[in-house]
Amino acid sequence: MARGLSISQQGIDLEDAQDSQKTLDTRIRNMDILVEKKVTLPKVSGVAHNITLHEHNLGFLPAFELYSIKQNKYMEPKSGFGSVDVQTLLYSGGLTSDKFRVTLFGHPFSFTDTLWDDNECILRIYNVAITEEYEAPLVTPTSRSTAKDTNYGVKILADHNDADITSEELINYTLNTKGKAFGIQKTGTVIAQQNTGGNATVKHGLGAPPNFLATFTDYSRTFVGPVAPDFIPVLASATNETITFRGAQAALVANVAYIIFKEFADLAI
Amino acid sequence: MSSGIRSSERSVKSKSTPEDFDSRRSRLQVAMLKDPAHLNIFELSGITAIASTVGNGYYAQETLFSMKHGLGYRPKVFVYFYGLANNSYAVGTYFYGYGAADDYITYRVDDETLEILHIVDGYDFTEYTSLAPDGGKIRMKYMICSNPVNKLMVEM
């Protein structure tokens, strides 16, 4: 038995709503932002570094991102996470989070991208345990409605500015039935190895190919890399029931942490 | 003082977990009733076999799609590409080729505009012709979030 709160997008009957059309369903995890802060990276290229960007103390490996304001790009996850030990990870370099902190570290020769030196960035940490084997309950209504502008809905103002309840802009709300939320169907990890041709397959069970995000984790699930929506290091082939990750290069050998959304890749509803 | 709704499987005084909902937190959202639409899926056409040459400084670019998002700030965007030829999905960047030169489709967004670009970048020394077939097509889906990407929510 499941209890909770469920709210569909404006103009859609709750009984007709796909999970991806629910503004809120407390049974389903979502891309809620736990931490959002500015950090300035010191000069890191060519020097050994071990810099804590944020102590989150969440107790799980979170989905997170680092966005460069000047470069207008995300820091990409580094490869090399298939290695077992931290020492090898240090040589790979890059941005990671463990269960307690987000850290930028590396060997002098592993991080040579001077574009990130003295760079003001935004760090965002989501309330998503990306390496946890999680699967949401699934509701698949037969009808297919789309959002409509009606006089009925729910909205909750955000604390961060002085907007009032008549505002039409979604940025002024933390919940608004005129908006689509990013409900999560599945998170977890999968290993792409050479003997699988660099492919790694996950069952999602959504009935249609889904949208997704992915990054690298290490063999022992101690660290996880950032999620960079403008470039992730895997491609995917998807069916109605599975998604297969494969390398952007010829053969991927890595541990992949993924988020599979309840959002359908072939639909815009 | 802040008020709102919080849902938790345990005491609301206990430490937050991924199961919890707290309406004081911002979340990723896409406005569903915008014009032009902030969520859309369609087939990109007009992709051509552009080339990086010594004449263009080893960098070639063509704009495949452009729209005004109407937000007045730079939003967080998700773009998914579906390769019709090889049944593959890519997030943010779809590669036709990479190596000494990179040949790819990607997006750029600023305070006013979302663009989809086809780029061949020879990195200052490589002449390279795109592997994209002339007249090529690719299906794409974009989601423009109401969340800013280059500013904090508290700065909005």
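Refer to the structure printed above.
We now turn to the structure provided with this report. (Residues numbered from 1 in each chain as written. Chains lettered and ligands numbered in written order. Predicted model: local features only at pLDDT ≥ 70, side-chain atom pairs only at ≥ 80, totals over all residues. Heavy atoms only, no water.)

Take the overall build of chain A next. A count of helices and strands for chain A gives one helix and 19 strands. Put simply, chain A has 269 residues, and 59% of those count as buried. Counting every atom, chain A has about 10900 Å² of accessible surface; 50% of that belongs to carbon and sulfur. (Helix = DSSP H or I, 4+ residues; strand = E, 2+ residues; numbered from the N terminus. Buried < 20%, exposed > 50% of the residue type's maximum accessible area, 1.4 Å probe, protein only. Areas by Shrake-Rupley, 256 points an atom, 1.4 Å probe, with all protein chains shown as cover.)

On to the packing of aromatic side chains. Applying the stated criterion to the full structure yields 13 aromatic pairs over all chains. A centroid spacing of 4.9 Å and a plane angle of 45° characterise the contact between F42 of chain B and F65 of chain B, whose relative ring orientation is tilted. You can see F42 of chain B sitting in strand β4 (residues 39–47) and its partner F65 of chain B sitting in strand β6 (residues 59–68), a full 23 residues away along the chain. Centre to centre, the rings of Y82 of chain B and Y89 of chain B are 4.6 Å apart; their planes meet at 40°, and the pair counts as tilted. Judged on exposure class, the residue Y82 of chain B and its partner Y89 of chain B are both buried. Aromatic ring contacts, followed pair by pair, group F212, F245 and Y258 of chain A together with Y80 of chain B into a single cluster. (Phe/Tyr/Trp six-rings, centres within 6.5 Å; stacked < 30°, edge-to-face > 60°.)

Looking now at the pairing of strand β5 (residues 62–68) of chain A. Residues and elements named next belong to chain A. Extensive coverage of β5 is indicated by the burial of seven of its seven residues. Where burial is concerned, the two faces of β5 agree: the one with P62, F64, L66 and S68 and the one with A63, E65 and Y67 are both buried. In this structure, β5 lies alongside strand β9 (residues 119–129), joined through six bridges in antiparallel fashion. Across the sheet, Y67 pairs through a bridge with I122, a residue of β9. The sheet contact formed by β5 and strand β6 (residues 73–74) spans two bridges and is antiparallel. From the neighbouring strand, Y67 faces β6, where its bridge partner is Y74. What sits between β5 and β6 in their antiparallel hairpin is a turn of four residues, with N72 showing a positive phi close to 55°. (Pairing = 2+ DSSP bridges.)

What follows covers the interface of chain A and chain B. In this assembly, 70 residues from chain A lie in contact with 59 residues from chain B. Buried surface at the junction of chain A and chain B, both sides included, amounts to about 5600 Å², of which 56% is carbon and sulfur. Sorting the residues of chain A by area buried against chain B places I171, T174 and F182 of chain A first, and these three jointly supply 12% of that buried surface. Linking chain A with chain B are seven salt bridges. A salt bridge links E65 of chain A to K76 of chain B, with the shortest nitrogen-to-oxygen separation between them at 2.6 Å. Linking chain A with chain B are 28 residue pairs in polar contact (both at pLDDT 80 or more), by the criterion used here. (Contact = heavy atoms within 4.5 Å. Buried area = accessible area lost by both parts, 1.4 Å probe. Salt bridge = Lys/Arg side-chain N within 4 Å of Asp/Glu carboxyl O. Polar contact = N/O pair within 3.5 Å; in protein donor to acceptor, adjacent residues only side chain to side chain.)

A few words on the pattern of salt bridges. Evaluation of the coordinates by the stated rule reveals 24 salt bridges over all chains. The partner of D25 of chain A in a salt bridge is K22 of chain A, with the nearest N and O atoms 3.3 Å apart. For D25 of chain A, a relative accessible area of 4% corresponds to the buried category. A relative accessible area of 8% means that K22 of chain A is categorised as buried. Taking the shortest distance from any N to any O, the salt bridge between D20 of chain B and R6 of chain B comes out at 3.4 Å. In this pair, D20 of chain B is assigned in the loop between β1 (6–7) and β2 (21–22) and R6 of chain B in strand β1, connecting sequence segments 14 residues apart. The class for D20 of chain B is buried, based on a relative accessible area of 3%. For R6 of chain B, a relative accessible area of 27% corresponds to the partly exposed category. What emerges from the salt-bridge pattern is a single network uniting D19, K22, D25, R27 and K262 of chain A.

Pairing is antiparallel across the open sheet formed by four strands, whose spatial order is β10-β14-β19-β16 (chain A). On the outer flanks of this sheet lie β10 (134–135) and β16 (210–217) of chain A, each paired with one strand and no other.

This part covers unusual backbone geometry. Following D35 of chain B, the chain continues into P36 of chain B via a peptide bond in cis, with omega recorded as 0°. The residue P36 of chain B is located in the loop between β3 (29–31) and β4 in this model. Despite not being glycine, N57 of chain A has its phi angle at roughly 55°, a positive value. Mapped onto the elements, N57 of chain A comes out in the loop between β4 (49–55) and β5. According to the relative accessible area criterion, N57 of chain A is partly exposed, its value standing at 38%. The phi dihedral of Y58 of chain B is positive, around 65°, even though this residue is not glycine. Take Y58 of chain B: it is sitting in the loop between β5 (51–52) and β6.

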